[in-house]
Amino acid sequence: MTPPELTPPQVPLRDLVPDYRELSPEVAARFAHLRERPVILSIRGLEKSFGHGGSAARALQDMSFDVHRREFVCIVGPSGCGKSTLVRIVAGLDEATGGAVLLDGQEVTGPGPDRGMVFQGYTLFPWLTVRRNVMFGLRERGQPPRAAEATAQRWLEMVGLEGFADAYPHELSGGMKQRVAIARALANQPRILIMDEPFGALDAQTRAQMQSYLLQIWKNVEVTILFITHDLDEAAYLSDRVVVMGANPGRVVETIENPVPRPRRPDQFISRSFLSLKRRLTELIQPHDEAEDAGTLPISKLTDAADTVE
Ligand SMILES: Nc1ncnc2c1ncn2[C@@H]1O[C@H](COP(=O)(O)OP(=O)(O)O)[C@@H](O)[C@H]1O
Ligand SMILES: [Mg+2]
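Residues numbered from 1 in each chain as written. Chains lettered and ligands numbered in written order. Predicted model: local features only at pLDDT ≥ 70, side-chain atom pairs only at ≥ 80, totals over all residues.

Chemist: For this particular structure, what's the right way to read the packing of helix H6 (residues 174-187) against helix H7 (residues 204-220)?
Modeler: The N-to-C vectors of H6 and H7 enclose an angle of 20 degrees; their axes lie 10 Å apart at closest approach. By the criterion of interaxial angle, the relationship of H6 to H7 is roughly parallel. Once H6 is placed against H7, the crossing between them reads as right-handed. Contacts between H6 and H7 pair Gly174, Gly175, Gln178, Arg179 and Ile182 from the former with Thr206, Gln209, Met210, Tyr213 and Ile217 from the latter. Grouping the amino acids of the contact of H6 with H7 by side-chain chemistry returns four nonpolar, five polar and one charged. (Axes fitted to C-alpha atoms, helices over the stretch in contact; angles between N-to-C directions. Helix = DSSP H or I, 4+ residues; strand = E, 2+ residues; numbered from the N terminus. Parallel < 35°, antiparallel > 145°, perpendicular 65-115°, else oblique. Left-handed = near helix turned anticlockwise from the far one by under 90°. Contact = placed C-beta atoms within 7 Å. Nonpolar A, V, L, I, M, F, W, Y, C, P; charged D, E, K, R; others polar.)

Chemist: Help me understand unusual backbone geometry in this model?
Modeler: Glycine aside, the phi torsion of most residues is negative, and most peptide linkages are trans. Note that the residue after Asn248, namely Pro249, is joined by a cis bond; omega there is -5 degrees. The residue Pro249 is located in the loop between strand E9 (241-246) and strand E10 (251-257) in this model. Residues Arg262 and Pro263 are joined by a peptide bond in cis, for which omega reads 0 degrees. Position of Pro263 relative to the elements: it lies in the loop between E10 and helix H9 (272-285).

Chemist: Hey, could you run me through the site of ligand 1 in this one?
Modeler: All residues adjacent to ligand 1 are Phe50, Ala57, Ala59, Gly77, Ser79, Gly80, Cys81, Gly82, Lys83, Ser84 and Thr85. Ranked by residue count, the leading element in the shell around ligand 1 is helix H3 (residues 83-91), at three residues. A breakdown of the residues in the shell around ligand 1 according to their chemical character gives four nonpolar, six polar and one charged. (Near = placed C-beta within 6 Å.)

Chemist: Sorry, what's going on with the sheet that holds strand E1 (residues 39-50) here?
Modeler: Within a sheet, each strand pairs with its neighbour through backbone hydrogen bonds, oriented either parallel or antiparallel. The sheet built from four strands is open, its strands ordered E2-E1-E4-E5 with antiparallel pairing. The sheet is open, and its two edges are formed by strand E2 (57-68) and strand E5 (106-107), each paired on a single side. For E1 and E2, the ladder comprises eight bridges, and the chain directions are antiparallel. Looking at the pairing, Lys48 lines up with Leu60 of E2. Contacting E1, E2 and strand E4 (98-103), H3 runs over the sheet at an angle of about 60 degrees to E2. (Pairing = 2+ DSSP bridges.)

Chemist: Even after reading the chapter, I still don't get the sheet that holds strand E7 (residues 192-196), so can you show me in this structure?
Modeler: Strand order across the open sheet formed by six strands is E6-E7-E8-E3-E9-E10, with mixed pairing between neighbours. The open sheet has two free edges, formed respectively by strand E6 (115-119) and E10, since each of these has just one partner strand. Pairwise comparison of adjacent strand axes, ignoring direction, gives a mean angle of 15 degrees for this sheet. Pairing between E6 and E7: five bridges, direction parallel.

Chemist: Would you explain the nonpolar core in this entry?
Modeler: Soluble globular proteins: nonpolar side chains tend toward being buried together. Formed by 69 residues in total, the largest nonpolar core has its most connected members in Val76, Val134, Ala183, Leu226 and Leu281. When residues in this core are grouped by element, the largest group, seven residues, is from H6. In terms of domain composition, this core takes at least three residues from each of domain 1 (11-114 + 192-287) and domain 2 (123-189). Among residues more than four places away in sequence, those in contact with Val134 are Ala152, Trp155, Leu156, Val180, Ala183, Arg184 and Ala187. (Core = buried A, V, L, I, M, F, W, Y, C linked by C-beta atoms within 7 Å. Buried ≥ 20, exposed ≤ 12 C-beta atoms within 10 Å, placed from the backbone. Domains from an automatic or database assignment.)

Chemist: How should I be thinking about H3 in this particular structure?
Modeler: Listed in full, the buried residues belonging to H3 are Lys83, Leu86, Val87, Ile89 and Val90. Seen from one end, H3 has its buried residues packed into an arc of 165 degrees, which puts them on one side. Once H3 ends, the next one or two residues include Gly92, with phi positive near 85 degrees. (Arc of directions from axis to C-beta.)

Chemist: Is there a simple way to think about the environment of Val130 in this case?
Modeler: Tracing the backbone through its elements, the reader meets Val130 in helix H4 (residues 130-140). Given 27 C-beta atoms within 10 Å, Val130 falls into the buried group. For the pair Val130 and Pro169, spaced 39 residues apart in sequence, the C-alpha to C-alpha distance is 6.5 Å.

Below, the structure written as structure tokens:
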């Protein structure tokens, strides 16, 4: 007699999860509204090659997308696809070899206080207190000390670190350092906040907490965010839209309207809309056969088959 079937029948994921393009009426209405807002950042046919002539390496090819006012756009893509190259060009730290970056319709030609930057590596000045780190850009731009101090205080309150104003960066945890970096960037009232894998070096729990802080800050501050990550959960949790990049050369593969309703909560990580987006992102970033191969190492070849415990 055959034993009863103990495992439930395998239902393919595609039958459990809706299509990522299915937007609830609320989410669709939100996007209709978003699309009507002015474009803050416009990436137009951006090209970047490193080197010259036959040895030139093409890092970015014909990249175009727009970011609307108060929109939260995430860029995801495999390592080495050109995300940081794009950020450096938008920041004005590097020059494109073709195309243009427009901020409020004006072509970007160099760095400026209209773009706030937060990078993965901790970039606070170690010799300055937290307060002086946040005041730095304001003082550079000629704000008197008293006013700069008051502004810094407000932003430190916003990130919940007013009690650490006199501490030095080495006295803070990684998450706290990044909160100061966010306060420092926002104190200059940039038109857009550009974040390049800002939580990439943090442990999972701190990262989740930082994501939630960032959403709270974004909700309360007039700022548009361009957020680079290779963490698909992070992109699905934070974004309005996700720009998916492909590699060699770096380019836009697809731009996706995030179907997950706002306000976001961590328990949405298992919602149908979240999973539908996550599945699409995974398909785009890990083409099918690669996904199947990933994680399978030829370990058995290194052991004596007779000795294996499994
Ligand atoms: N200064 C540079 N000179 C030459 N090649 C570079 C330079 N900066 C980046 N690259 C190359 O451009 C590609 C994209 O890099 P990067 O923008 O750092 O990718 P990502 O941030 O997506 O991991 C990589 O192949 C990298 O080697
Ligand atoms: Mg990078």
